[in-house]
Amino acid sequence: MTGAVHLPSASDVETARANIAGVAMRTPLIRLDVDVPGADIYLKLENLQPLGSFKIRAAVNALKTLLKTGGPDALRAGVLAPSAGNFGQGLARAARDMGVPATIVAPDGAAQTKTAALEAMGARVIRVPFEDWWRVLMTRRFEGVEGVFFHPVADSAVVAGNATIGAEIAEDLAGFDTIIVPFGGGGLVSGIGSVMRRQRPNARMLVVESEAAQPLAAALAAGRPTKVTHAPSFIDGMGSGIVLDEMWPLVRETVDQTVCVSLAQIVDAIRLLAARHHIIAEGAGAAAVAAALSGRAGNGDIVCIVSGGNIDASKLGPILAGQFPA
């Protein structure tokens, strides 16, 4: 799907909520059982979604939006998307339910848990080096593969699907002070932030990045997208070399501040979530919690988006054993 990306209106969000009803769930918002002076930390548990990630909201809304405008014939050739796994899973499941073939181009560092789930749903998975994967993300095509291209971030229907999370938070917790969102490509923070700017204008929107890559911090400092070094790590759901040009205006309008956490802090947050609440979070899913626990997110009621829980056992096992994942 193509076209200029825009922040969703209130009507767009309500349409998205109707589109995902019965597929994505309304996830719980719980208080984290930990003492942080001056702060109460809440967890929006998107890791409990079917397929383990918030991305099912975005994928289903994008697919249903296309069906409403183009009809079933629009999907005759199938669907194609670049994804580290979570968006691809949502798209592949929705496509399978409609009898439509799906091809997912995954970076070679994608979690085996995610790509195995894609194949189990009947999707064709093509693994490529990260640089080639990024090229697919930018050019919106993959040589030799047909199908309607669905961008996992830079698509208005994707952003509107993500915004449904913000609508639920606004209904479930009155007067919160801060929301912390992990930064992958900007679709999640833009969606949630669009709701907050209308309904909770005084709430702060914080983005968390890791030491592996800080493209948004660099863009905010320079006033434009700026290429940064992207270091490989066990986290595959956040971090890139640059903020996408089409997402920059949306992110700039909805983000107040960035916070950087170390990989060690994210590992500690994964371990804490498992110990205190039996919550399994992937690296990106625990990053917001790491930021809140660091004290750098300020005081008051802080909502952390636990964006997903799809982490390989080979990484989770060492973490729970008190080690650092390879």
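Counting restarts for each chain: residues are numbered from 1 in the order of the written sequence. Given that the model is predicted, a residue must reach a pLDDT of at least 70 before its local features are reported, and side-chain atom pairs must reach 80 or more before they are shown or counted; all residues, however, enter totals for whole chains, interfaces and linings. Calculated side-chain values reflect all of the structure's heavy atoms, with hydrogen atoms and water omitted.

Visitor: Could you give an account of the packing of aromatic side chains, naming the residues involved and the relevant values?
Guide: Only Phe, Tyr and Trp rings are paired, with Trp represented by its six-membered ring, and only when their centres lie within 6.5 Å; those with planes under 30 degrees apart are stacked, over 60 edge-to-face, the remainder tilted. Scanning the model with the defined rule gives four aromatic pairs in all. Centroid distance F130 to W133: 5.6 Å. Interplanar angle 40 degrees. Geometry classified as tilted. Of this pair, F130 and W133 both sit in helix α5 (residues 130-139), separated by three residues, roughly a single helical turn. Think of it in three bands: residues with accessible area under 20% of the maximum for their type are buried, residues over 50% are exposed, and the middle band is partly exposed, with areas taken using a 1.4 Å probe on protein chains only. For F130, a relative accessible area of 25% corresponds to the partly exposed category. By relative accessible area, W133 is classed as buried at 10%. Numbering of helices and strands starts at the N terminus; helices are DSSP runs of H or I of at least 4 residues and strands are runs of E of at least 2.

Visitor: Give me the nonpolar core: which residues, what numbers.
Guide: Counting residues in hydrophobic clusters, the biggest one holds 46 residues, and the most contacted among them are I179, I192, M247 and I305. Here, two residues are considered to be in contact whenever any of their heavy atoms come within 4.5 Å of each other. Excluding anything up to four places from it in sequence, I179 contacts I169, I192, M196, R204, M205, L206, V303 and I305. Here, the term nonpolar core denotes a set of buried Ala, Val, Leu, Ile, Met, Phe, Trp, Tyr and Cys residues that are joined through side-chain atoms within 4.5 Å.

Visitor: Would you mind going over the side chain of T254 in detail, with residue names and values included?
Guide: Tracing the backbone through its elements, the reader meets T254 in helix α9 (residues 248-254). Under this definition, polar contacts are N or O atom pairs within 3.5 Å; protein pairs additionally need one hydrogen-donor-capable and one acceptor-capable atom, and for neighbouring residues in sequence, both atoms have to be side-chain atoms. A polar contact of 2.9 Å, which involves the side chain of T254, links it to the backbone oxygen of L250.

Visitor: Kindly report on the side chain of S194, identifying the contributing residues and their values.
Guide: Mapped onto the fold, S194 is located in helix α7 (residues 187-199). Exposure remark for S194: the relative accessible area of 5% places this residue in the buried category. At 2.6 Å, the side chain of S194 forms a polar contact with the backbone oxygen of G191. When residues no more than four places from it in sequence are discounted, the contact partners of S194 are L7, P8, A163 and T254.

Visitor: Go over the sheet that holds strand β7 (residues 178-182), please, and point to the residues and values.
Guide: The strand order β1-β2-β10-β7-β8-β9 describes an open sheet built from six strands, whose pairing is mixed. For this open sheet the edge positions go to β1 (29-31) and β9 (257-261), each flanked by a neighbour on one side alone. Pairwise comparison of adjacent strand axes, ignoring direction, gives a mean angle of 30 degrees for this sheet. In the sheet, β7 pairs with strand β10 (residues 300-306) via three bridges, with the strands oriented parallel. Bridge assignment links T178 to a residue of β10, and that residue is I302. If DSSP finds at least two bridges between two strands, the strands pair. Lines fitted to the C-alpha atoms define the axes, with helices restricted to the stretch that makes contact. Angles between their N-to-C directions range from 0 to 180 degrees.

Visitor: Any details on unusual backbone geometry? Residues and values, ideally.
Guide: Look at L51: it is not a glycine, yet its phi comes out positive at around 75 degrees. The class for L51 is partly exposed, based on a relative accessible area of 24%.

Visitor: If you had to explain the sheet that holds strand β4 (residues 102-107) to someone new, which residues and values would you point to?
Guide: The pairing of strands in a sheet comes from backbone hydrogen bonds and takes either a parallel or an antiparallel form. Across the sheet, which stays open at both edges, the four strands sit in the order β5-β4-β3-β6 with parallel pairing between neighbours. The strands lining the two open edges of the sheet, one partner per strand, are β5 (124-128) and β6 (148-149). Of the strand pairs in this sheet, strand β3 (residues 79-82) and β6 are connected by two bridges, and their pairing is parallel. Looking at β6, one finds that L80 is bridged to F149. Along the sheet, helix α3 (residues 86-97) makes contact with β3 and β4, crossing β3 at roughly 170 degrees. Where α5 meets the sheet, its contacts fall on β3, β4, β5 and β6, and the angle it forms with β4 comes to roughly 130 degrees.

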